[in-house]
Every structure is written in structure tokens, then in C-alpha cells.
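Read off the chains here:
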Amino acid sequence: ETGVTQSPTHLIKTRGQQVTLRCSSQSGHNTVSWYQQALGQGPQFIFQYYREEENGRGNFPPRFSGLQFPNYSSELNVNALELDDSALYLCASGRTSGFYNEQFFGPGTRLTVL
Amino acid sequence: AQTVTQSQPEMSVQEAETVTLSCTYDTSESDYYLFWYKQPPSRQMILVIRQEAYKQQNATENRFSVNFQKAAKSFSLKISDSQLGDAAMYFCAYSGGGADGLTFGKGTHLIIQP
């Protein structure tokens, strides 16, 4: 167990809707990252938050946004859902020490877009 | 952009035997980290082993060891005395440090034959 939890476990949405996924990090961790893992693929980096500000982003459009809260929780919001957004969404929290940021993953939220 | 390639979609090994999973990567950086993660059917990504690029000595964690060839940009994982609990997807990942997130390969599905 990594101490990182995510909710909900599964979610079904319709194309065009908006969704919010939640993550609870380990106490003391100051970064949270989100990844999208399509079926049969490796995870892809969406973005990272450090001290409640986005400080790194992968190749994802602005309709993917996030929030990080002082109580070690965070959210991933996806607007205008598309069929290709169906995937496992992984949250990873960590404590950066400059260059190195070891990340601890949650169990993921499986999102299905119909 | 960095890329990570895992050329073995699936590997099978007899229980108690040794298996090696391959990974190559491409980067122009000199300082970076490499990781092997295990993802069982429970979906939670678990860190198996990590290697700092500036360290010439190969990392070892119990039955897991790596063969890191920096010039060849190769990073293979050797699992000795394979156990049924080792069955999972294994992902090789690269981190350039900071807020860039992890870059993952597509994974290798490891099957352990009893």
C-alpha cells in the first residue's frame, strides 16, 4: 500500500459531460501528478502540481485541469469529455527534493465515456 | 522528447527461474532517473527498483536487479527465483527530474508458469 487513495473506483460518463476525479495524498507530500493510462498502454503524464500550482504539463489540452489543496487532496477535472478520454486515471504523490521526485501511485479511477 | 521502448509485449517464465525484461530509452540529458514499476491486476503501480544515471553501479533490490548500460541507453530488469506473485505488467519509466513527470514504456506482461 502506498497511502495514496483515489475516488471513485469506476465512473461512467457521456460524451460532452464534465468529470471530477479525486486523490488523497500521503501526509507530507508536496507534489501530485496525474497520468492517463489507455487500455494496453503505459501511463501518460498529464500534469503535476507543487504547492497548489501547476508546474509541469504533458501533451494534454486545456480541458484537462486540476487543483491541489493544502490538506493533501487534489482533483483532476476533464471538460467536454470525448470517447478517447476513456482510460484509467492514476494519481501519484511525492515529496520533491530538487531534482528527484519519487512518486507513489494510487489504485486509479477507471473512466468510461459513452 | 524522451522516449522509452519495451520491445517484449509478453514474457513467460517457469516458477523459480530467472527472467530478463528489456528496456531502451532515448534522451539527450546526462542526469536522469530510470525506474521499473510493477502493475498487478489490482492496478496499483508499485516501484520495483530505481537507478540514478550518474551511478555506475547497477541497482539491486532482493531478487530484482538491473543492467544499466548508459552509453547504449539500455536498462533491463532481471528477476531471479521468479515467484507466482511476480506475475504482472512491468513498466520501464524515465524521469528527467523536476516537474516533467515520468515517461513510461508500453509495458511487458510477465506470466509465471507454476
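See above for the structure.
These numbers were taken from a predicted model, which means no experiment stands behind them.

Q: Is there a simple way to think about the overall build of chain B in this case?
A: Across its full length, chain B holds 0 helices and 12 strands. The C-alpha radius of gyration computed for chain B amounts to 14 Å, which stays within 12% of the reference 13 Å derived for 114 residues, consistent with globular compactness. With respect to the principal axes defined by its C-alpha atoms, chain B has extents near 40 × 30 × 20 Å. Within chain B, contacts between residues at least 6 apart in sequence are counted, and of these 53% link residues at least 24 apart. For chain B, the exposed area adds up to about 5500 Å²; of that, 45% sits on carbon and sulfur atoms.

Q: Please clarify how the pairing of strand E4 (residues 31-37) of chain A should be interpreted in this entry.
A: Look at any regular strand and the pattern is simple: side chains alternate between the two faces of the sheet. All names here are of chain A. In terms of burial, E4 is a largely internal element, 7 of the 7 residues being buried. With burial as the criterion, each face of E4 is covered, one bearing Thr-31, Ser-33, Tyr-35 and Gln-37 and the other bearing Val-32, Trp-34 and Gln-36. With antiparallel pairing between neighbouring strands as the criterion, E4 and strand E5 (residues 44-50) make up a hairpin whose turn holds 6 residues, including Gly-40 at a positive phi of roughly 80°. Taken together, the 7 bridges between E4 and strand E9 (residues 87-94) define a ladder with antiparallel strand orientation. In the sheet register, Tyr-35 faces E9, and the bridge partner there is Leu-90.

Q: Explain the interface of chain A and chain B here, please?
A: Across the contact, 28 residues belong to chain A and 23 residues belong to chain B. Of the roughly 2000 Å² buried where chain A meets chain B, counting both sides, 54% is carbon and sulfur surface. Elements with a contribution of two residues or more to the side of chain A that touches chain B: E4, E5, strand E6 (53-57), E9, strand E10 (103-105) and strand E11 (109-113) of chain A. When the residues that make up the side of chain A that touches chain B are grouped by side-chain class, the tally is 10 nonpolar, 15 polar and 3 charged.

Q: Teacher, can you tell me more about the state of the cysteines here?
A: Structurally, a disulfide amounts to a covalent bond that connects the sulfur atoms of two cysteines. All names here are of chain A. Summed over all chains, the structure comprises 2 disulfides over all chains. Through a disulfide, Cys-23 is tied to Cys-91; the S-S separation comes to 1.8 Å. Given an S-S torsion of about -50°, the disulfide between Cys-23 and Cys-91 has left-handed geometry. Residue Cys-23 is located in strand E3 (residues 19-24), and its partner Cys-91 is located in strand E9; the two are separated by 68 residues in the primary sequence.

Q: Just checking my understanding: could you explain the sheet that holds strand E7 (residues 64-68) of chain A for this structure?
A: Two strands in a sheet stick together by hydrogen bonds in their backbones, pointing the same way (parallel) or opposite ways (antiparallel). All names here are of chain A. One open sheet holds the 4 strands; their spatial order is E1-E3-E8-E7, and the pairing between them is antiparallel. Of all the strands in the sheet, the pair left with one neighbour each is strand E1 (5-7) and E7. Put simply, the sheet's adjacent strands are angled 20° from each other on average, direction ignored. With 5 bridges connecting them, E7 and strand E8 (residues 73-78) associate as antiparallel partners. Each bridged residue has a counterpart across the sheet, and for Ser-65 the counterpart in E8 is Asn-77.

Q: I tried to follow the environment of Gln-26 of chain A on my own but got confused; where do I start?
A: Residues and elements named next belong to chain A. In this structure, Gln-26 sits in the loop between E3 and E4. Looking at Gln-26, the relative accessible area reads 24%, which means it is partly exposed. Taking the C-alpha atoms as reference points, Gln-26 and Ala-87, separated by 61 residues in sequence, lie 24 Å from one another.

Q: Can you help me understand the layout of surface pockets in this one?
A: Gaps left between atoms are located by rolling a probe of water-molecule size over the structure's atoms. Reported here for the largest pocket is a volume of approximately 520 Å³. Of the residues belonging to the lining of the largest pocket, the class tally is 8 nonpolar, 12 polar and 4 charged. The calculated volume of the second largest pocket comes to roughly 250 Å³. Taken together, 16 residues line the second largest pocket, and the ones lying closest to its centre are Gln-37, Gly-40 and Gln-41 of chain A together with Gln-39 and Met-89 of chain B.

Conventions and cut-offs
- Residues numbered from 1 in each chain as written.
- Chains lettered and ligands numbered in written order.
- Predicted model: local features only at pLDDT ≥ 70, side-chain atom pairs only at ≥ 80, totals over all residues.
- Heavy atoms only, no water.
- Helix = DSSP H or I, 4+ residues; strand = E, 2+ residues; numbered from the N terminus.
- Rg over C-alpha atoms; globule rule 2.2 N^0.38 Å.
- Contact = heavy atoms within 4.5 Å.
- Areas by Shrake-Rupley, 256 points an atom, 1.4 Å probe, with all protein chains shown as cover.
- Buried < 20%, exposed > 50% of the residue type's maximum accessible area, 1.4 Å probe, protein only.
- Pairing = 2+ DSSP bridges.
- Buried area = accessible area lost by both parts, 1.4 Å probe.
- Nonpolar A, V, L, I, M, F, W, Y, C, P; charged D, E, K, R; others polar.
- Disulfide = S-S within 2.5 Å.
- Axes fitted to C-alpha atoms, helices over the stretch in contact; angles between N-to-C directions.
- 1 Å grid on protein atoms, 1.4 Å probe; cavity = no way out; pocket = protein on both sides within 12 Å on 5 of 7 lines; lining within 4 Å.
- Points joined across faces, edges and corners; volume = space filled by probe spheres on them.

Read these as geometric descriptors, not functional statements.
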